[in-house]
Amino acid sequence: MKTNEEIKSIISTLTLEEKASLCSGATFWLTKEIPSKGIPRIMVSDGPVGLRKQENIEDHLGMNESIKAVCFPAGVGMAATFNRELYGEMGETLGEECRAKDVAVILGPAVNIKRSPLCGRNFEYLSEDPYLASEMSTAYINGVQSKHVGTSIKHFAVNNMETRRFSASSNLSERALREIYLAAFEGPVKNAKPWTVMCSYNRINGELASQNKYLLTDILRKDWGYEGNVVSDWGAVSDRAKALEAGLNLEMPTSYEENDKKLVEAVKNGTLDEKVLDANCESLLKLIFDAYDNIGNSSEFVFDLDAHHDKAKEIAAETFVLLKNEGNVLPLKKDAKIAVIGSYAKVPRYQGGGSAHINCHKIVGFLDACKENGLNNISFAEGFSGTKDNFDQALCDEAVKNAKDADVAVIFAGLPDIFESEGYDRKHMNMPACQLKVIEEVRKVAKKTVIVLHNGSPIEMPFVNDVDAILECYLGGQAVGSAQFDVIFGDKSPSGRLAETFPIRLEDNPSYLNFPGFMNNVNYAEDIFVGYRYYDKKKMNVLFPFGYGLSYTEFKYDNLRLSKSEMKDTDTLEVSVDITNVGSVASKEVVQLYVKNCDTPILRPIREFKGFDKVYLKPGETKTVTFTLDKRSFAYYEERISDWAVPAGTYSIEIGKNSRCIELSKEVNITSEPVLPDHYDYDTITEELMLDPRIKDIRDKYFNMEDAFKDRELSEVEKESMNEEMAEAGFLFSPLRSALYFTGGSKKYEDIDKFLAEVNERIKK
Ligand code: BGC
């Protein structure tokens, strides 16, 4: 650690070339060192679900080997735990691994919103809901950084597809940007202070993220108060000097000095102020010296692969979501005759492809776990290939034969690696046809059929009504099989909940018409209506809603209390509710809070997810869960004032098991300052003037609009060509200037001008 003065004094000794050199990496994973000036280098590594530290041939796509490490469940599953503490513990474990291996910054979490189920990196991302993504990633960052290791929240921002990922422009409204896409970053940036933020490859409304001053300086630093460093995604920089000025501190990986030269040139030819470069070096050196304190100072941290494998197992069990359990077919009895089918039981699909890919020290599939636990009344048939979509009649026949002889068939199916990965998007939401065929044939003969899924994003499920149980296991990390064993045989009750809606069909998804866009443009035409916000507003049926997931027990919700029934938007509201486990096994419940703005003319979702807590309850046990809601819980982003606003009115506080299953609700009335214009002119319409309580007396003095509006009787002649509704609309939607024509000549410009002068004087800020 060095003081600001010490850092400044080092910078004063650097040549222009040396300063420019600090602004980009030395290699794929190292920053530059300048030993003669006492500047060390630090190492960054992927992330986010294990350590991908490459020691030999480097790349950013997970192609070349990295050290042996532990692969934890993918982001999609971690979000499904709805368990902040657990994600925080995973962060702590990764932080310890980084310390043990001298890694200064781990490149994650990846928090981009799941706009479309097709995005190739959805397995890495957390949710379709910004509040959930923000809360979960805050916990992860705090966990990692508690070990004095940095994180890099990514990919900032609006990077929701892989198609043309270096060039596509995500075109969206300011409201959607703030309310949905940036909100996933805002909470963690403000509350967990990630050491670095990784800017994305794409453009936002035309400007590359890496050189987007609005994003990197105006919003990130000025609005949110961020004081750390912005790192480019690997190869995201186009114009280095412009990027520096926009707020991008470190270009990664190395450009082999090419972009350093550009910075030197820019200073020399006067297009870049050297002070900007100095300030950038100061910020980077703070990071480098701070992180360098770890090096050679981490003897208490050991990377215990086996202990961390056990941690990965414990975590994985909480990522599973029980989607269906007809007749309580799950959990299975250990002495049942079980036909295990599907290649993922043997070689599980447990992680996604690309930069997040971990070189696991061991992998446990379900069959391994059965063997470890001495289960011998099971048969196994591969059923289908886990890597390709080729139907094989012999494999299918064997599966059918085994299923006939068993009490229950458990089919391990899902998406092969090649169906979803970094770098490209899916084209459809289907499972491989060969798997569907085997499921179809097996379920026809099996007494009971259980489907266990390995996939990183939603799929269509043509078999949903024909099978008895479905357990969504996502990409559960290297210990997935052991965790499946615990859940399938009831040692643990499933407690994951969907962090994203499963639509019935791809075409139902709100981004369907605009994904992946055309050439370099993708229009976010669905605006703020992403995920459940859209399906609820359109009253559409979905396959499984946001927040959904079953358990081996039942919970009862009682006694919802609000600390107030009337409040100002700046007050906070305490919400409490009692939850009881009324079933016969211990389990965790995810208590979910949604806020509904009941009566507002503002276009808003039906309900929005604003609170959650996960509680462990033994049979018969009751616990009280308490939430605190603040202004932001009720607010929307109001473009007219470039700020958050809460419309006055009635709000319903809903407590539920998922977004489509609200158990209890209570109302609160909120008062707030209305959002009103600060200027009127000839083109202002009557409606706007009438909605402004500040100018009522002036309005009455000049126009008596209320009376004109309420008591106006149509003349006989008027009645022939219009009705009252038409007259009312004509009046409300007319601009002020139309008083010249429609008051029988009684109002002149002079009157309108006087009126405008008086109202504008009254309302000016
Ligand atoms: C990915 C990042 C990753 C980086 C380094 C990029 O291609 O988008 O998520 O951290 O490579 O591997």
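Counting restarts for each chain, with residues numbered from 1 along the sequence as it is written. The predicted origin of the model limits local features to residues at a pLDDT of at least 70 and limits the giving and counting of side-chain atom pairs to 80 or more, whereas totals for whole chains, interfaces and linings rest on all residues. The basis for every side-chain value is the complete set of heavy atoms in the structure, and neither hydrogens nor water enter the calculation.

A.B. asks: Kindly report on the overall build of the protein chain, identifying the contributing residues and their values.
C.D. replies: Counting from the N terminus, the helices are the DSSP runs of H or I reaching at least four residues and the strands are the DSSP runs of E reaching at least two. Assigned secondary structure in the protein chain consists of 25 helices and 25 strands. Relative to its length of 765 residues, the protein chain is compact, with a C-alpha radius of gyration of 29 Å against a globular reference of 27 Å. In terms of overall dimensions, the protein chain has C-alpha extents of about 95 × 75 × 50 Å along its principal axes. Burial status follows relative accessibility: with a 1.4 Å probe on protein chains alone, a residue under 20% of its type maximum counts as buried, one over 50% as exposed, and anything between as partly exposed. Looking at the protein chain as a whole, 60% of its 765 residues qualify as buried. Any pair of residues with heavy atoms lying within 4.5 Å of one another is described as a contacting pair. Contacts spanning at least 24 positions in sequence make up 76% of the contacts within the protein chain whose residues lie at least 6 apart. Element-wise, carbon and sulfur atoms account for 49% of the exposed surface of the protein chain, whose accessible area totals about 30100 Å². Positive charge is attributed to Lys and Arg, negative charge to Asp and Glu, and no charge count is given to His or to the chain ends. Taken as the charge centre is NZ of Lys, CZ of Arg, CG of Asp or CD of Glu, depending on the residue. Each charge sign in the protein chain was given a centre, from 93 positive and 120 negative side chains, and these centres are 2 Å apart. Only C-alpha atoms enter the radius of gyration, while the globule expectation follows 2.2 Å times N to the 0.38, with N the number of residues. Every accessible area reported is derived by Shrake-Rupley at a probe size of 1.4 Å, with residue values counting cover from the shown protein chains alone.

A.B. asks: A description of the side chain of Glu526 should follow, citing residues and the corresponding values.
C.D. replies: Inspection of the secondary structure assignment puts Glu526 in the loop between strand E15 (521-523) and helix H17 (532-537). A relative accessible area of 8% means that Glu526 is categorised as buried. In terms of polar contacts, Glu526 uses its side chain to reach the side chain of Arg115, at 2.6 Å. Here a polar contact is taken to be a pair of N or O atoms separated by no more than 3.5 Å, where protein atoms must pair a possible hydrogen donor with a possible acceptor and residues adjacent in sequence count only if both atoms sit in side chains.

A.B. asks: Report on a negative patch on the surface, specifying residues and quantitative values.
C.D. replies: What makes a patch is a set of residues exposed beyond 30% relative accessible area and free of salt bridges, joined within 9 Å when like-charged and within 5 Å when nonpolar (Val, Leu, Ile, Met, Phe, Trp, Tyr). Salt bridge, as applied in this entry: a Lys or Arg side-chain nitrogen positioned within 4 Å of an Asp or Glu carboxyl oxygen. Together, Glu382, Asp392, Asp397 and Glu398 line one region of the surface with negative charge. Structurally, the position occupied by Asp392 is in the loop between strand E11 (378-381) and helix H14 (393-404).

A.B. asks: Describe in detail the environment of Ser379, supporting the description with residues and values.
C.D. replies: Position of Ser379 among the secondary structure elements: in strand E11. Sequence separation between Ser379 and Pro510 is 131 residues; the distance between their C-alpha atoms is 43 Å. Sequence-distant contacts of Ser379, defined by excluding residues within four places in its chain, comprise Ile338, Ala339, Val340 and Asn402.

A.B. asks: Could you give an account of helix H6 (residues 174-181), with specific residues and numbers?
C.D. replies: Buried residues dominate H6, accounting for 7 of its 8 residues. Every buried residue belonging to H6 is among Arg175, Ala176, Leu177, Arg178, Glu179, Ile180 and Tyr181, and all of these are buried.

A.B. asks: Can you tell me about the site of the ligand, naming the residues and giving the values?
C.D. replies: To be near a molecule or strand, a residue needs just one of its heavy atoms within 4 Å of it. In the neighbourhood of the ligand, 15 residues make up the surrounding shell, with Asp46, Arg121, His155, Tyr201 and Asp233 lying closest. Here an oxygen atom of the ligand and a side-chain polar atom of Arg121 are 2.7 Å apart. Here Arg165 contributes a side-chain N or O atom positioned 3.4 Å from an oxygen atom of the ligand. For the ligand, whose free accessible area comes to 310 Å², the fraction covered by protein is 100%. By residue class, the composition of the shell around the ligand is 5 nonpolar, 3 polar and 7 charged. As a working rule, the residues Ala, Val, Leu, Ile, Met, Phe, Trp, Tyr, Cys and Pro are called nonpolar, Asp, Glu, Lys and Arg charged, and the rest polar, with Gly in that last group.

A.B. asks: Now, about the sheet that holds strand E3 (residues 150-156): what can you tell me, with residues and values included?
C.D. replies: In this scheme, strands are said to pair when DSSP sees at least two bridges between them. In space, the 5 strands of this open sheet follow the order E1-E2-E3-E5-E8, with parallel pairing throughout. Only two strands of the sheet have a single partner each, and these edge strands are strand E1 (44-45) and strand E8 (229-232). The sheet contact formed by strand E5 (residues 196-199) and E8 spans 4 bridges and is parallel. In the sheet register, Cys199 faces E8, and the bridge partner there is Ser232.

A.B. asks: How would you explain the sheet that holds strand E6 (residues 203-204) if you had to name every residue and give the values?
C.D. replies: Ordered by their spatial adjacency, 4 strands build an open sheet running E7-E6-E4-E15, and the pairing between neighbours is mixed. Two strands in the sheet have a free side with no partner beyond their single neighbour: strand E7 (207-208) and E15. Here strand E4 (residues 169-171) pairs with E15 via 3 bridges, running parallel. From the neighbouring strand, Ser169 faces E15, where its bridge partner is Asn521.

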